[in-house]
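Results of the structural survey
Listed below are the residues making up each chain.
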Amino acid sequence: MSAKVTNNNTEVDSPLILAIESSCDDTSAAVLRGNRVLSNIIANQDVHREFGGVVPELASREHQKNIVPVVDQALKNAGISKHDLNAIAFTEGPGLMGSLLVGGSFAKTFALSLGIPLIAVDHMKAHILAHFIDDEERNAPEFPFLNLTVSGGHTQIVLVEEPLKMTIIGKTIDDAAGEAFDKAAKILNLGYPGGPMIDKLAKTGDASKFSYANPKTDGFDFSFSGIKTSFLYHLQKEMKLNSEFISENLNDICASYQNHLVSYLLSKMEEAILVHNVKDIALAGGVSANSELRTRFQELAKKHGIRSHVPKFEYCTDNAAMIGIVGYFKYLNSDFAGFSVMPKARLHF
Ligand code: KG4
Ligand code: ZN
């Protein structure tokens, strides 16, 4: 692939791309020069905490408040002017419509006013391609590789053949892995998002103390709703016998549940490794910040004599740098969006 492309008849070695991510409850803007990140600003939205989950209407209002200061800060931290930009990349979907519309409308208006191309990015592909962000610790997978994408809205095993050529070979048929963490955390009254809290408490718990349902699904597909229900029923049963059961066993409950989810995710990944003859496996999405998943993912690769790739923490959860790296690959292919492009709550690749 050539690193030289033309933009308005000017050759650009390493395009300067402003990337915008607003698919859920984080407003983020990043500036990339080629595949290197110059800035990556993320504004989290605390307003959802008291509701125990993301409230779409509040999310879109917060994005409207945050988008201009976040973009401004990203340009400042990158040390560039908006007039230096070669393109603007934004999250086309999937995500919350009201949230996507804020980032998408801003990106369109900004690109139009600067007279530069617009690049529409699939959020799920962006999680995967975050592995190709160039930094000092860069350890990008070689093609083809299998990626386990685990986030708050999705759980997928993806066969990645080229930067922009990937196929979903397995997915959840109901809840996502992140939801399985968050819903259990809500039952345990641990706040939102609960994944990081379960991870923290599990560190000092006994992972073999409790067991949960083992769903049967076809091929490489997942199902988490049965695990979540068995988690709830187990707690209800125990609480009837001892009303202090949760507080007395909190760390063991977190460790056992996390262990169960990680074992289930990795069992499907292992089946996929055995069928697809890849030399590299990679992890992506918010749940890839989970410490047990990261460790056992690397052990799984070792067991099969292949290489594993876990993302840097800052690129696990939603961020605009990952949107920017897809923007970079698409820029190299002159794969630009028309200004009539509309965000899509559901986007399938
Ligand atoms: O990718 P992401 O930032 O947003 C979506 O696109 O959904 O993922 C958010 C999800 C949440 O469900 C959150 O609880 C989970 O990632 N998460 C974790 C950890 N850190 C974030 N789950 C388990 N352990 C963690 N350390
Ligand atoms: Zn995400």
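Residues numbered from 1 in each chain as written. Chains lettered and ligands numbered in written order. Predicted model: local features only at pLDDT ≥ 70, side-chain atom pairs only at ≥ 80, totals over all residues. Heavy atoms only, no water.

**With respect to helix H5 (residues 195-202)**
Of the positions making up H5, those classed as buried are Gly 195, Ile 198, Asp 199, Leu 201 and Ala 202. Looking at the buried positions of H5, the neighbouring elements they touch are helix H4 (177-187), helix H7 (245-275) and helix H8 (291-303). (Buried < 20%, exposed > 50% of the residue type's maximum accessible area, 1.4 Å probe, protein only. Helix = DSSP H or I, 4+ residues; strand = E, 2+ residues; numbered from the N terminus. Contact = heavy atoms within 4.5 Å.)

**Some words on the nonpolar core**
Judged by nonpolar contacts, the single largest core of 47 residues is most densely connected at Leu 146, Leu 148, Leu 188, Phe 224, Tyr 257 and Ile 281. Taken together, the elements giving at least two residues each to this core come down to strand E8 (145-150), strand E9 (155-162), H4, H5, helix H6 (225-241), H7, strand E11 (280-284) and H8. Among the elements that take part in this core, H7 stands out by supplying 15 residues, more than any other. The residues touching Leu 146, leaving out its near neighbours within four places in the chain, are Ile 157, Val 158, Leu 159, Ile 169, Met 269, Ala 272, Ile 273, His 276, Val 278, Asp 280, Ile 281 and Ala 282. (Core = buried A, V, L, I, M, F, W, Y, C linked by side-chain atoms within 4.5 Å.)

**Section: the side chain of Asp 25**
Along the chain, the position of Asp 25 falls in the loop between strand E3 (16-21) and strand E4 (26-33). One buried charged residue, Asp 25, remains without a salt bridge, the closest side chain of opposite sign being Arg 49 at 8.0 Å. Other than its neighbours up to four places away in sequence, Asp 25 contacts Ala 43, Asn 44, Gln 45, His 48, Val 54, His 63 and Tyr 192. (Lys, Arg positive; Asp, Glu negative; His and termini not counted. Salt bridge = Lys/Arg side-chain N within 4 Å of Asp/Glu carboxyl O.)

**Some thoughts on the domain arrangement of the chain**
The accessible area lost on association of the parts is a frequent measure of interface size. The domain architecture assigned to the chain consists of domain 1 (3-131 + 316-332) and domain 2 (140-311). When each unit is reduced to the centre of its C-alpha atoms, the spacing between domain 1 and domain 2 is 28 Å. Taking both partners together, domain 1 and domain 2 bury about 1700 Å²; carbon and sulfur atoms supply 75% of that area. Of all residues in domain 1, the largest losses of buried area upon contact with domain 2 belong to Ile 128, His 131 and Cys 316, amounting jointly to 40% of the total for that side. The interface formed by domain 1 and domain 2 holds zero salt bridges in total. The tally of links between domain 1 and domain 2 comes to three residue pairs in polar contact (both at pLDDT 80 or more). For the side of domain 1 that touches domain 2, the elements supplying multiple residues, two or more each, are helix H3 (123-129) and helix H9 (320-332). (Domains from an automatic or database assignment. Buried area = accessible area lost by both parts, 1.4 Å probe. Polar contact = N/O pair within 3.5 Å; in protein donor to acceptor, adjacent residues only side chain to side chain.)

**Side note on the sheet that holds strand E12 (residues 307-309)**
In sheet architecture, strand pairing relies on hydrogen bonds along the backbone and comes in two forms, parallel and antiparallel. One open sheet accounts for five strands, arranged E10-E9-E8-E11-E12; its pairing is mixed. The two strands at the open ends of the sheet, each matched to only one other strand, are strand E10 (165-171) and E12. In this sheet, adjacent strand axes meet at a mean angle of 25° when their direction is disregarded. Alignment of E9 against E10, held across six bridges, turns out to be antiparallel. Bridge pairing in E10 links Leu 159 to Thr 167. Lying on the sheet, H7 is in contact with E8, E9, E10 and E11; it crosses E8 at an angle near 160°. The sheet strands contacting H8 are E8, E11 and E12, and the helix crosses E11 at an angle near 170°. (Pairing = 2+ DSSP bridges. Axes fitted to C-alpha atoms, helices over the stretch in contact; angles between N-to-C directions.)

**Examining the coordination of the zinc ion (ligand 2)**
Note on the zinc ion (ligand 2): its protein donors are His 123 (NE2), His 127 (NE2) and Asp 318 (OD). The metal-donor distances range over 2.0 to 2.2 Å. Mapped onto the sequence, the residues coordinating the zinc ion (ligand 2) show the spacing H-x3-H-x190-D. Taken together, the residues His 123 and His 127, both in helix H3 and four residues apart, mark about one turn of the helix. (Donors = N, O, S within 2.8 Å, 3.2 Å for Na, K, Ca; no water.)

**A look at the sheet that holds E3**
Strand order in the open sheet formed by five strands is E5-E4-E3-E6-E7, with mixed pairing between adjacent strands. Two strands in the sheet have a free side with no partner beyond their single neighbour: strand E5 (36-44) and strand E7 (118-122). Strand after strand, the sheet turns through a mean of 20° between neighbouring axes, direction not considered. Helix H1 (residues 56-78) rests against E3, E4 and E5 of the sheet, and its axis sits at about 25° to E4. Those strands touched by H9 are E3, E4, E5, strand E6 (87-93) and E7, and its axis lies near 130° from that of E3.

**As for the packing of H5 against H7**
Packing of H5 against H7 leaves a shortest axis separation of 8 Å and a crossing angle of 110°. The pairing of H5 with H7 is recorded here as roughly perpendicular in orientation. Both H5 and H7 take part in a crossing whose hand is left-handed. Contacts between H5 and H7 pair Ile 198, Asp 199, Leu 201 and Ala 202 from the former with Leu 250, Asn 251, Cys 254, Ala 255, Tyr 257 and Gln 258 from the latter. (Parallel < 35°, antiparallel > 145°, perpendicular 65-115°, else oblique. Left-handed = near helix turned anticlockwise from the far one by under 90°.)

**Here's the deal with H7**
A rise of 1.5 Å per residue sets the reference length of H7, with its 31 residues, at 45 Å; its end C-alpha atoms lie 43 Å apart and thus fit the reference within 8%. Maximal helix bending in H7 amounts to about 55°, located at Asn 251. The buried fraction of H7 is high, at 22 of 31 residues. (Expected span 1.5 Å × (residues − 1). Bend = angle between axes of the 7 residues up to and from the residue.)

**With respect to a nonpolar patch on the surface**
On the surface, a nonpolar cluster with roughly 240 Å² of combined accessible area is contributed by Met 97, Leu 101 and Met 342. Its relative accessible area of 32% is what places Leu 101 among the partly exposed residues. (Patch = residues over 30% accessible without salt bridge, like charges linked within 9 Å, V, L, I, M, F, W, Y side chains within 5 Å. Areas by Shrake-Rupley, 256 points an atom, 1.4 Å probe, with all protein chains shown as cover.)

**So, the site of ligand 1**
As a structural note, the neighbourhood of ligand 1 is formed by 18 residues, with Gly 152, Asp 182, Asp 199, Gly 286 and Asp 318 the closest of them. For ligand 1, an oxygen atom lies 3.3 Å from a polar atom in the side chain of His 123. Take Asp 318: an N or O atom from its main chain is 3.0 Å from an oxygen atom of ligand 1. For ligand 1, whose unbound accessible area comes to 550 Å², protein coverage reaches 89%. Contributions of two or more residues to the shell around ligand 1 are made by H3, H4 and H5. For the shell around ligand 1, the per-class residue count stands at five nonpolar, ten polar and three charged. (Near = heavy atom within 4 Å. Nonpolar A, V, L, I, M, F, W, Y, C, P; charged D, E, K, R; others polar.)

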